[in-house]
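Architecture and fold: a report
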Amino acid sequence: DPFSAAKIGMAKTLVAEQRINPTWTIYAAPLIAILQTAEQMGIQQAALLDNLSFRAEDLNVPDRRFPVTDYFKLYQAVYDISGDADIGLAVGRISFLKGMNLQLYMATVSRQFRDYLNLIPSVIKLRGDIGQVGAYRNADLIELRWEPLLLDTARKRFYSDEILAASAAIINSLCVLPVPTVNAQFTYPEPLDTRQLEAIFGSDLAFDQPCSSLTFNAEALNYPLLQQDYYHQGSDLKQPFRDFFGNDDPSDQLLLNLKQSILQYLPEGEVTIDKLASKLHVSRRTLQRRLSDRGTSFLHILQEVRSRVALRYLSDDRLGITEIAFLLGYADQGSFSSAFKSWHGVSPRDYRRG
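Just so it is clear, the structure is predicted and the values come from calculations on it, not from any experiment.

Right, let's get into helix α10 (residues 253-265). Note on helix geometry: an α-helix contains 3.6 residues per turn, so any two residues three or four positions apart are oriented the same way. The terminal C-alpha atoms of α10 lie 18 Å apart, and with 13 residues this matches the ideal 18 Å at 1.5 Å per residue to within 8%. For α10, the complete set of buried residues consists of Leu254, Leu255, Leu256, Leu258, Lys259, Ser261, Ile262, Leu263 and Tyr265. Contacts made by the buried residues of α10 are with α11 (273-279), α12 (284-293) and α13 (298-314).

As structure tokens, then:
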């Protein structure tokens, strides 16, 4: 079972900090989702931005990063004006909807829900320095646990509600069969009105718990994912994704299988020759020797796949540069941009504009 305690543990448990690190940042997307929620409440944007470090137009660059304190201040400002404690639930839904294209792309490299779930701890990196989602198995249940980076935020509603609402929507949207939440627990005290929480997470709710988390039945790990047509066509209909390596020698099954396997493992961020050799049922030494016989190496093939697939992702304007960096296994968009420029002579953003 690849979804073992060791596999789940690949997302190292965060040690929450007592104070905000001045280097922590947040991407534009979470801030935009909060502002869109506020707009639906009838709150004017100008009333929210006075004490923040950015202007509204700064958010037009989705890959730009802002001080994480802006994220906390913006949530508080919306609450101070609206008095609505369910803000995080609405923001979580918007975050899920705005990230749907990324989720569908990740589903194309996963066959079962267990494959997809192994990517979840990395997805939180797309938002910024606020925390991560850890996955843990307990007998017949799987727990998705929100692990905030700042200790002070652990018992505040907005942040855990946002992450858990988005997570619940994601896990119940991609499988052929529904994946309902068995129960949900929250670190904060029980609110007077739990109707919105029950509408999203069901009636089995627990409050004042050590952590905020969702659980669902482990049998869902074997559910097949609904396969979309992203492999068949891109937004420009020019580069069939399933046939992306169609120009390669069709008789060389080793290279074809290796490239397809690399494509599958890229979002995990740790694509090693040992992992791929195991996937292909050969030893590391055998794989190295067979690649050497073809005048190439594992690192060369890995970079070739990343380079070619990057062009395909950039042809789809629905994906941001940061999302593409994640799909290709890079820790941040800066690392991806540097690699892309070494391959193609221009930055990803300039390539897309051209």
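So that's the structure; there's more coming.
This part covers the sheet that holds strand β3 (residues 131-138). Strand order in the open sheet formed by five strands is β3-β4-β7-β5-β6, with mixed pairing between adjacent strands. Edge positions in the sheet fall to β3 and β6 (205-206), since each has one partner strand and no second. Bridging between strand β4 (residues 141-148) and strand β7 (residues 212-217) involves six bridges; their strand directions are antiparallel. Bridging from a neighbouring strand, Arg145 pairs with Ser213 of β7.

Here the focus is the pattern of salt bridges. All chains considered together, the criterion is met by 17 salt bridges. Note that Asp129 is salt-bridged to Arg65, the shortest N-O span being 4.0 Å. Pair noted here: Asp129 is in the loop between α7 (120-123) and β3 and Arg65 is in strand β2 (residues 65-67), with a separation of 64 residues, a long-range link. The salt bridge partner of Glu304 is Arg308, with a shortest N-O separation of 2.8 Å. Here Arg308 and Glu304 lie together in helix α13, a separation of four residues that amounts to about one turn.

Let's shift gears to the packing of aromatic side chains. Under the counting rule described, the total for this entry stands at 19 aromatic pairs. Their ring planes at 80° and their centres at 5.4 Å tell us that Tyr71 and Tyr75 sit as a pair that is edge-to-face. Here Tyr71 pairs with Tyr75, and both are found in helix α3 (residues 68-82), just four residues apart, close to one helical turn. Pair check on accessibility: Tyr71 and Tyr75 agree, each one buried. These aromatic residues form a ring-pair network of at least three members: Tyr71, Phe72, Tyr75, Tyr79, Phe158 and Tyr159.

Between its terminal C-alpha atoms helix α2 (residues 28-40) stretches 19 Å, which fits the 18 Å expected from 13 residues at 1.5 Å a residue. Of the positions making up α2, those classed as buried are Ala28, Pro30, Leu31, Ala33, Ile34, Leu35, Thr37 and Ala38. Looking one or two residues past α2, Gly42 carries a phi angle of roughly 85°, positive in sign.

Moving on: the environment of Val305. Following the sequence through the fold, Val305 ends up in helix α13. By relative accessible area, Val305 is classed as buried at 0%. For the pair Val305 and Leu258, spaced 47 residues apart in sequence, the C-alpha separation works out to 9.8 Å.

With respect to the helices and strands, Gln132 occurs in strand β3. Side-chain polar atoms of Gln132 contact the side chain of Glu147, separated by 2.8 Å.

Our focus in this paragraph is a nonpolar patch on the surface. A contiguous nonpolar patch, built from Val176, Leu177 and Leu226 and spanning about 270 Å² of accessible area, is present on the exposed surface. Summarising the element assignment, Leu226 is placed in the loop between β7 and α10. Of the residues examined, Leu226 reaches a relative accessible area of 47% and is grouped as partly exposed.

Residues Phe113, Phe201 and Ile262 are the most contacted members of the largest nonpolar core, which totals 106 residues. Sorting elements by how many residues they give to this core places α13 first, with nine residues. In contact with Phe201, other than residues within four places in its own chain, are Leu89, Leu164, Ala165, Ala168, Thr181, Ala184, Phe186 and Leu214.

Each value, and the rule that gives it
Residues numbered from 1 in each chain as written. Predicted model: local features only at pLDDT ≥ 70, side-chain atom pairs only at ≥ 80, totals over all residues. Heavy atoms only, no water. Helix = DSSP H or I, 4+ residues; strand = E, 2+ residues; numbered from the N terminus. Expected span 1.5 Å × (residues − 1). Buried < 20%, exposed > 50% of the residue type's maximum accessible area, 1.4 Å probe, protein only. Contact = heavy atoms within 4.5 Å. Pairing = 2+ DSSP bridges. Salt bridge = Lys/Arg side-chain N within 4 Å of Asp/Glu carboxyl O. Phe/Tyr/Trp six-rings, centres within 6.5 Å; stacked < 30°, edge-to-face > 60°. Polar contact = N/O pair within 3.5 Å; in protein donor to acceptor, adjacent residues only side chain to side chain. Patch = residues over 30% accessible without salt bridge, like charges linked within 9 Å, V, L, I, M, F, W, Y side chains within 5 Å. Areas by Shrake-Rupley, 256 points an atom, 1.4 Å probe, with all protein chains shown as cover. Core = buried A, V, L, I, M, F, W, Y, C linked by side-chain atoms within 4.5 Å.

Geometry only, nothing functional implied.
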